[in-house]
Structure formats: C-alpha cells, structure tokens
Amino acid sequence: MEYIHLNYAATSAKKPRQSIDAMISYLNANNSLSPGRGGEASLSEGRLEIEARLSLCRLFNVKRPEEIIFTQNATTSLNMAINGLVRKGCHVITTSMEHNAVARPLELLRQKGIIELSIIPCNADGTLGPETIKDYIKENTRLMVMTHASNLTGAILDYEKASLIAKEHGLFFILDAAQSAGYCAIDFDNSAIDVLAFTGHKSLMGPTGTGGFIIKKEIADEMEPFITGGTGSISHLLTQPDFLPDKFESGTPNMLGIIGLKASVDFILDTGVDKIRKHEETLTRAFLSGLQDIPVKVYGPEDISIHAPVVSISSDKMDCSMLSSVLFEEYGIITRPGLHCSPLAHKTIGTYPEGTLRFSFGYFTTMEEIKFALKALSEILK
Ligand SMILES: Cc1ncc(COP(=O)(O)O)c(C=O)c1O
C-alpha cells in the first residue's frame, strides 16, 4: 500500500529530488574530510558549508553569513541559546503554546534555581495577545522565548509585535521557528529577533539531524557557548573562539546533512516561499472546510492567514489513538495522535491529557490526499 503522509509537522516525509541527488553525489565522491581540519579536500568542504550558509542568508535575509550557526536540530539550537543567554537570578518569559524543546530547558533551569519563569497563557485557539507580555515583565526579566507557529493548532503567533515589546523593555528575544521556517517569510535582519532557531527537516524539507540558529553578531557577544570543543581554529588555546560561527560550532559538522539542507533551501528559493505557503494554505482551507461536515471538534484559529498547515481534531465517537490507527490500518494515512511533545499547549486548548489527532501538510501534499483523508474520516465516524 502507498502511504499518505499527513504528518509533515513531525518531519517532511518527502524531500526535493535535488536534495537527495546532492547527498548521493557527495557520498559517491567518497573523499570527505572534516571541514577546516584536513588539507585540500577540507577546503572544498569548507566552501560547501559557506555556500549552505549563503543559501540560508537569502532565505532569511541575513547579510552576515557567519551569523548562521549549524546544529543538529531546533532542540539543540534552543538549548544553546537559552542556556547561553540566561544568568543566575534572571527572569524568563515564555508562552503556554511551547513545544517541550523550549519548555523543558526552561523548566530545568527553573528547578535548578537559576531562573524565575513566567508562562503567559495563550488563548484557547493557541493565539497570543502580544500586549499581555507587558504584564509579565519585571525588573529582572532578561529573556523572552516563544514559538512562531504552534505544532498543535497551527496558530501563527505575532512574533513581530512580541519582539518589539521585548526590545522596548531591553529583553533578549528568541524565536522558535521550527514549524514556520520555510513556510512563513522571515526577514531576520529587519526584525527584532535576537536568535532564530530552525530545524532542517520540517518545512525546510531537508534531512533529519540538520538545523541551526541565526544570531545577531552584537547578541553573540552576550551569549555564552553551551557546547565547547574543537573548531579547527586557534587550536593552541584552551578557550573557545569568541568569533562567529566558531564560538557556537564545535565538533565535526553533519556535512552530508548540510549539503542536503542547502539543496532543499535552494529548492525553496527557486519555488518561492509565497508559492509554497499559498499551496499549503489552500490545502488547509479545504481540509478545514471539509471537516465541517464530519462529527469532529476542530482546534486552532479560524483566520487562515494565521494558520500554519497543522490541524488538530478530536471526536466523541472515537479516541484519537484509535482513530489514528484505523486511518493507518485501513486507509494507509499517517497522522500523529497524542500530546505532540506539547503538554502546555494541550492544557491551553483544553485537550490535556487525552490529546488530539493531528493532520499536517507539506508542499508535496496533494488536494487528492486531502479529499481522501476527509472521505476516510467521514466513513470511520459516520
Ligand atoms: C514548535 C516546535 N519547536 C521545536 C521542535 C523541535 O524540533 P527538532 O525535533 O527538529 O529539534 C518542534 C518539533 O516538532 C516543534 O514543533
């Protein structure tokens, strides 16, 4: 059976052909050395890494390529940024729609007595009224961390306003763009974002094990490295380099992944973020409209312009895990039931601890697949 992957919020099951080809030809060349660490061949690997940074610069409008830091994923990036920016006794603000990639590092720091933490309650559809942030800012508030798009309801949060409020009050601002990078156009240089965390394998359509963060140079001076080690630069010193990107890039990079990610980002640049968003928005609108005739409860914002291609539902007729199993076993449709690593968000929308069933779409999802999923749901729940 050919499976229908409607779980793109977890990972982009399909990758652009050029991304796969780029990785295959890198492997076939069979001469990889580690960049910056070994002779002539490493020079060309170093160049490939720079080219990948340049593609990401074009996507996010970043003028200084060294501000792009490669990591394994958004989780690593968020841990590095959060731990590097907090100081003992400071206060941090986040939202109630966060993924555990944000919530757990913050909670650990709170439990260790390093930070005070405030979690701003979002609305039941997952949106945030950014003005409420002001009510939580205190004398010792140093940092605000928030998601751009919810992996549960698809709600796109107003980071523009939130980051401006953070700046007005002298806070550092970290944006978790795991669900939005590649789907929403983000102009990093002209934004008030200090650190933008992204993952390579969701809407950027790259391989797993890739990701990174973008950091404004001025902020990098304030951020301590969380991971230290070999960088292939100033090797006579036992201290970490203080320049970018080396300050935050220790150890051998995932060159294969970075090459695949670059090709995926180039595919997005060639296609256009607007075209990608339009296609996925059309699919989401059609799916939401079809759900109106099916006995399910739908979560998330009504306004499609602030709705990422992620739809959560529940049904009185069948528990979400069972529904997911039937969709898979009888129709070959892959969805994601449960808590989606986002217990705070489920509490916000009133679906904790049961969870929801999540459908999520990508650029390679077709309207036929949407219609088939709607037909399957109505047959199962009739
Ligand atoms: C909103 C959000 N943040 C962070 C992450 C973590 O991404 P990764 O697992 O690629 O580190 C996810 C993954 O689902 C996510 O949805």
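Calculation notes
Residues numbered from 1 in each chain as written. Predicted model: local features only at pLDDT ≥ 70, side-chain atom pairs only at ≥ 80, totals over all residues. Heavy atoms only, no water. Core = buried A, V, L, I, M, F, W, Y, C linked by side-chain atoms within 4.5 Å. Buried < 20%, exposed > 50% of the residue type's maximum accessible area, 1.4 Å probe, protein only. Domains from an automatic or database assignment. Helix = DSSP H or I, 4+ residues; strand = E, 2+ residues; numbered from the N terminus. Polar contact = N/O pair within 3.5 Å; in protein donor to acceptor, adjacent residues only side chain to side chain. Near = heavy atom within 4 Å. Areas by Shrake-Rupley, 256 points an atom, 1.4 Å probe, with all protein chains shown as cover. Nonpolar A, V, L, I, M, F, W, Y, C, P; charged D, E, K, R; others polar. Salt bridge = Lys/Arg side-chain N within 4 Å of Asp/Glu carboxyl O. Pairing = 2+ DSSP bridges. Axes fitted to C-alpha atoms, helices over the stretch in contact; angles between N-to-C directions. Contact = heavy atoms within 4.5 Å. Buried area = accessible area lost by both parts, 1.4 Å probe. Left-handed = near helix turned anticlockwise from the far one by under 90°.

Where a protein is soluble and globular, its nonpolar side chains tend to be buried together. Within the largest apolar cluster, 48 residues are counted, with the highest numbers of intra-cluster contacts made by Phe60, Met146, Phe173 and Leu196. Two domains each put at least three residues into this core: domain 1 (4–15 + 272–380) and domain 2 (17–270).

Take the environment of Lys317 next. Within the fold, Lys317 resides in the loop between β10 (310–314) and α9 (320–331). For Lys317, a relative accessible area of 51% gives the class exposed. Expressed as a C-alpha distance, the spacing of Lys317 and Ala178, which sit 139 residues apart in the sequence, is 33 Å. Engagement of the side chain of Lys317 in a polar contact is seen with the backbone oxygen of Leu381, the distance being 3.1 Å.

This part takes up the site of the ligand. As a structural note, the neighbourhood of the ligand is formed by 13 residues, with Thr75, Asp176, Thr199, His201 and Lys202 the closest of them. Residue His99 places a side-chain N or O atom 3.3 Å away from an oxygen atom belonging to the ligand. Bound to the protein, the ligand loses 88% of the 390 Å² it would expose on its own. Within the shell around the ligand, the residues separate by chemical class into 3 nonpolar, 8 polar and 2 charged.

Right, let's talk about the pattern of salt bridges for a bit. A side chain of one charge can pair with a side chain of the opposite charge when the charged atoms of the two come close. Counted according to the given criterion, the structure contains 16 salt bridges. Two residues, Asp194 and Lys167, come together in a salt bridge whose shortest N-O distance is 2.6 Å. Residue Asp194 is found in the loop between β6 (172–176) and β7 (195–199), and its partner Lys167 is found in helix α5 (residues 159–168); the two are separated by 27 residues along the sequence. We note a salt bridge from Glu281 to Arg277, for which the minimum N-O separation is 3.4 Å. Of this pair, Glu281 and Arg277 both sit in helix α8 (residues 273–291), separated by 4 residues, roughly a single helical turn. Residue classification places Glu281 among the buried residues on the basis of a relative accessible area of 17%. Among the charged side chains, a salt-bridge network with shared partners connects Glu49, Arg53 and Glu249.

Before going further, it helps to spend a moment on the sheet that holds β10. Strand order in the open sheet made by the 4 strands is β9-β10-β13-β12, with antiparallel pairing throughout. In this open sheet, the two strands that pair with only one neighbour each are β9 (297–299) and β12 (336–338). Taking each pair of neighbouring strands and ignoring which way they run, the sheet shows an average axis angle of 30 degrees. Pairing between β10 and strand β13 (residues 356–360): 4 bridges, direction antiparallel. Pairing of Val311 across the sheet is with Phe359, part of β13. Where α8 meets the sheet, its contacts fall on β9, β10 and β13, and the angle it forms with β10 comes to roughly 15 degrees.

Turning our attention to the domain arrangement of the protein. Taken domain by domain, the protein comprises domain 1 (4–15 + 272–380) and domain 2 (17–270). The C-alpha-based centres of domain 1 and domain 2 are spaced at 26 Å. Carbon and sulfur atoms supply 60% of the area that domain 1 and domain 2 bury against each other, a total of about 3000 Å² over both sides. Here domain 1 is connected to domain 2 by 0 salt bridges. In this structure, the connection of domain 1 to domain 2 is made through 18 residue pairs in polar contact (both at pLDDT 80 or more). Secondary structure elements with two or more residues in the side of domain 1 that touches domain 2: α8, β10, α10 (343–349) and β13. Ranked by the residues each element gives to the side of domain 1 that touches domain 2, the list is headed by α10, at 6 residues. Residue composition of the side of domain 1 that touches domain 2, grouped by class: 18 nonpolar, 12 polar and 5 charged.

This next bit is on the packing of α9 against helix α11 (residues 367–380). Between α9 and α11, whose axes approach to 11 Å, the crossing angle comes to 115 degrees. As for the relative orientation of α9 and α11, their crossing is right-handed in sense. Facing Leu323, Val326, Leu327 and Tyr331 of α9, the residues of α11 in contact are Phe372, Ala376, Leu377, Glu379 and Ile380. Residues that form the contact of α9 with α11 fall into these classes: 8 nonpolar, no polar and 1 charged.

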